[in-house]
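Residues per chain, in single letters:
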Amino acid sequence: MKYVKTLLAAAPLIALAALPAFAQEAAPAAEAAVEAVAPAAIPNPGNTAWMMISTILVLFMTVPGLALFYGGLVRTKNMLSVLMQVLMIVAVVIIIWVVYGYSFAFGGSTSPYWGGLAKVFLAGVTPDSVAATFSDEVIPEYVFICFQMTFAAITPALIVGAFAERVKFSAVVFFVILWVTFVYFPIAHMVWDANGLLFGWGALDFAGGTVVHINAGVAGLVGCLLIGPRIGIGKDMMAPNSMVLTMVGAAMLWVGWFGFNAGSNLEANGGTTLAMINTFTATAGAIVAWCFIESIARGKASMLGAASGLVAGLVAVTPACGYIGPIGAIALGAIASFVCYFFCSTVKSTFGYDDSLDVFGIHGIGGILGAILTGVLASDTLGGIGYAEGKDMASQVWTQVLAVAVTIGWCAVGSLILYKIVDLIVGLRPSPEVEREGLDLTSHGEAAYHL
């Protein structure tokens, strides 16, 4: 709890209230940190171009990909509300990221829990600043900032699917501002910064199994439990309004995910191609497995099932894509479909929680499964790249389990507190009359379709 208090003390209001003079004073320290990484390094043009493309691909998987995927899954009267929530989240997080988020995550602090204030307002960052990759190469720091910014934007956007159709627009925006500050940025620092707690443990998370998917899935579960089920759940027709748009969105997610996974290598080389092929094979294995399960259990393979399998495979391979082999990725995708299908079809109905678009069932469970099995499938005997010195399968799996546990604990407790704060100040849920009418008209004064 003492670390939670430390983070609370560094609330966003501090960063937003800082004077430009503070940014100027911090600039020399930030510049020194950049120069210490690579005093006279020149960015590789090929790596730089690839990372710029990867960044754009991750934005593409969010807007329009995720927005359309979610929009097609809700009822017509709430479609625009979901599109607006995703779009606004992306815009708000981009602003927060350049004001203080990048500093909180990658500001150069030696703290294992947050990056400090040295790069608030991007102090000291210039077009000539560089960031190190995993080899002796460097890329422009602005490219690294933008790439990580797209990860920060998509993660809270994933959360809204858990309580879609029953939350205020103002509550979504307020919650996201708090959540990225006190949950996402610390976890990103702990996992991906060289001084981070989980990084120091040797936890493997190539592209965001813990940082993105477990984080989003757990926050979504906490939110849907607090907000409660949709009015009419189990009684009213709540079929998706457009499986066509859901398929289009899912396809965009798959394409954009290559930036997500292969881009996380931070350069264009053999490791990048490993992440790329695994993004193909794990997803294919998951789609086939989900459709096979549905054919056995229900007699028919559905488009919704295929799209769900697609996302489950992508989620599961995200932490593993740079460490495992292509055949192991197929197995991982298939296993993810079996486990996620069980949670979406059985566990959810058994416990009665209304995770509207299965954010926890796919992102949370898929992320947990992928993170833990990364420790298994990374073995060179199973086609992976092998373990770091001093690690074997048992110790790596244990490290993965600990990393998952820390992420779940931090996110669950933090999200619970933040939901309560938002509910106290602006209220999480609209009135029953507003919810029945639909959030498109009541929140935005527009309709998705005019018949």
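Think of each chain on its own: its residues are numbered from 1, step by step along the sequence as written. The predicted nature of this model means local features are confined to residues of pLDDT at least 70 and side-chain atom pairs, given and counted, to a pLDDT of 80 or more, with totals for whole chains, interfaces and linings taken over all residues. In computing side-chain properties, one takes all heavy atoms of the structure into account and sets aside hydrogens as well as water.

J.: Teacher, can you tell me more about the overall build of the protein chain here?
T.: Counting its secondary structure elements, the protein chain contains 17 helices and two strands. Taken over C-alpha atoms, the radius of gyration is set against a globule rule of 2.2 Å times the number of residues to the power 0.38. For the protein chain, the C-alpha radius of gyration of 21 Å lies close to 22 Å, the compact-globule estimate for 451 residues. With the C-alpha coordinates of the protein chain rotated into their principal frame, the extents come out at 65 × 55 × 40 Å. Under the scheme applied here, a residue whose accessible area is under 20% of the maximum for its type counts as buried, over 50% as exposed, and between as partly exposed, the area being computed with a 1.4 Å probe on protein chains only. A total of 451 residues make up the protein chain; the buried ones form 58% of that total. By definition, residues are in contact when any of their heavy atoms lie within 4.5 Å. A separation threshold of at least 6 residues defines the contact pool for the protein chain, and within that pool the share at least 24 residues apart is 78%. Approximately 17,500 Å² of the protein chain is accessible, and the part contributed by carbon and sulfur atoms is 71%. Only four residue types enter the charge count: Lys and Arg as positive, Asp and Glu as negative, with His and the chain ends excluded. For this purpose, a charge sits on NZ of Lys, CZ of Arg, CG of Asp or CD of Glu. Separation of charge centres in the protein chain, based on 16 positive and 25 negative side chains, amounts to 17 Å. Helix numbering and strand numbering both begin at the N terminus, where a helix is a DSSP run of H or I of at least 4 residues and a strand a DSSP run of E of at least 2. Accessible areas in this description were obtained via Shrake-Rupley with a 1.4 Å probe; residue shielding takes into account the shown protein chains only.

J.: How should the nonpolar core be read in this particular structure?
T.: The nonpolar side chains of a soluble globular protein tend to be buried with one another. Counting residues in hydrophobic clusters, the biggest one holds 133 residues, and the most contacted among them are Y70, W97, F163, W179, Y184 and F185. The greatest single-element share of this core, amounting to 16 residues, is contributed by helix α7 (residues 169-192). Sequence-distant contacts of Y184, defined by excluding residues within four places in its chain, comprise F151, A152, T155, W179, W192, V211 and N215. Only buried Ala, Val, Leu, Ile, Met, Phe, Trp, Tyr and Cys residues count toward a nonpolar core, and they belong to the same one when joined by side-chain atoms within 4.5 Å.

J.: Is there a simple way to explain the confidence of the model for the protein chain in this structure?
T.: Any segment with low pLDDT has predicted coordinates that should not be analysed in fine detail. Taken residue by residue, the protein chain gives an average pLDDT of 91. The fraction at 70 or more is 91%. Values of pLDDT, ranging from 0 to 100, describe the predictor's confidence in every residue of the model. Below pLDDT 50 for its whole length, residues 1-39 participates in 43 contacts with residues either more than four positions away or in separate chains.

J.: Whenever I open this one, the environment of A250 confuses me. Can you help?
T.: Structurally, A250 can be placed in helix α10 (residues 243-262). With a relative accessible area of 0%, A250 lands in the buried category. C-alpha of A250 to C-alpha of I96: the two residues are 154 residues apart in sequence and 27 Å apart in space. Those residues in contact with A250 that lie beyond four places of it in its chain are F69, A307 and L310.

J.: Is there a simple way to think about the side chain of T374 in this case?
T.: When you line up the elements, T374 lands in helix α14 (residues 359-377). Judged by relative accessible area, which is 0%, T374 ranks as buried. Those residues in contact with T374 that lie beyond four places of it in its chain are L204, P319, A320, Y323 and Q400.

J.: Honestly, the pattern of salt bridges in this entry has me stumped. Any pointers?
T.: Oppositely charged side chains can pair when the atoms bearing their charge come close. We define a salt bridge as a side-chain nitrogen of Lys or Arg found within 4 Å of a carboxyl oxygen belonging to Asp or Glu. Applying the stated criterion across every chain, the model contains eight salt bridges. Put simply, R230 and E165 hold a salt bridge, and the shortest N to O gap is 2.9 Å. Taken together, the residues span a long stretch of sequence, with R230 in the loop between α9 (209-227) and α10 and E165 in the loop between α6 (141-159) and α7 at a distance of 65 residues. Of the two residues, R230 and E165, neither departs from the other in class, the shared state being buried. Three or more residues are tied together by salt bridges with common partners; here these are R75, E165, R166, R230 and D354.

J.: Looking at this structure, I do not really get the packing of aromatic side chains. What am I missing?
T.: Two aromatic rings, taken as a pair, are described by how far apart their centres are and by the angle between their planes. Side-chain rings of Phe, Tyr and Trp, where Trp is taken by its six-membered ring, are said to pair if the distance between their centres is within 6.5 Å; with planes under 30 degrees apart they count as stacked, over 60 as edge-to-face, and otherwise as tilted. Tallied over the full model, the rule gives 25 aromatic pairs. Seen from their ring centres, Y100 and F104 are 4.9 Å apart, and the 50° between their planes marks the pair as tilted. One end of the pair is Y100 and the other is F104, both in helix α5 (residues 79-106) and four residues apart, which spans about a single turn. Summarising the burial analysis for this pair, Y100 and F104 share the class buried.

J.: What is the right way to look at unusual backbone geometry in this model?
T.: Negative phi is the rule for most residues except glycine; trans is the rule for most peptide bonds. Following V63, the chain continues into P64 via a peptide bond in cis, with omega recorded as 20°. Turning to its location among the elements, P64 is positioned in helix α4 (residues 45-73). Of note, the phi angle at F121 is positive, near 60°, even though the residue is not glycine. Tracing the backbone through its elements, the reader meets F121 in the loop between α5 and β1 (130-132). By relative accessible area, which is 32% here, F121 ends up partly exposed. Its identity as a non-glycine residue notwithstanding, L122 has a phi of 55°, on the positive side.

J.: Can you walk me through a nonpolar patch on the surface in this structure?
T.: In this analysis, a patch consists of residues with relative accessible area above 30% that form no salt bridge, clustered at 9 Å for like charges and at 5 Å for the nonpolar side chains Val, Leu, Ile, Met, Phe, Trp and Tyr. On the surface, V413, I417, I421, L424, I425 and V426 cluster together into a nonpolar patch covering about 540 Å² of accessible area. Its place among the elements puts L424 in helix α15 (residues 393-425).

J.: Before we go on, may I ask you to explain the environment of I89 in this structure?
T.: Along the chain, I89 turns up in helix α5. Look at I89 and you get buried, because its relative accessible area is 2%. I89 sits 63 residues away from A152 along the chain, and the two C-alpha atoms are 9.9 Å apart. Setting aside its immediate chain neighbours within four residues, I89 contacts A153, P156, A157, V160, V172 and V176.

J.: Help me understand the packing of α9 against α14, please; the structure alone is not making it clear to me.
T.: Working note: a packed helix pair is described by the angle between its axes plus the distance between those axes. All axes here are fitted lines through C-alpha atoms, helices being fitted over the stretch that makes contact, and every angle between N-to-C directions spans 0 to 180 degrees. The geometry of α9 relative to α14 is characterised by a closest axis approach of 8 Å and an angle of 145° between their N-to-C directions. For the crossing formed where α9 meets α14, the hand is left-handed. Between α9 and α14, the residues in contact are G209, T210, H213, I214, A216, G217, V218 and L221 and V359, F360, H363, G364, G367, I368 and A371, respectively. Each crossing gets its hand from how the near helix is turned against the far one by less than a right angle, where anticlockwise is left-handed and clockwise is right-handed.

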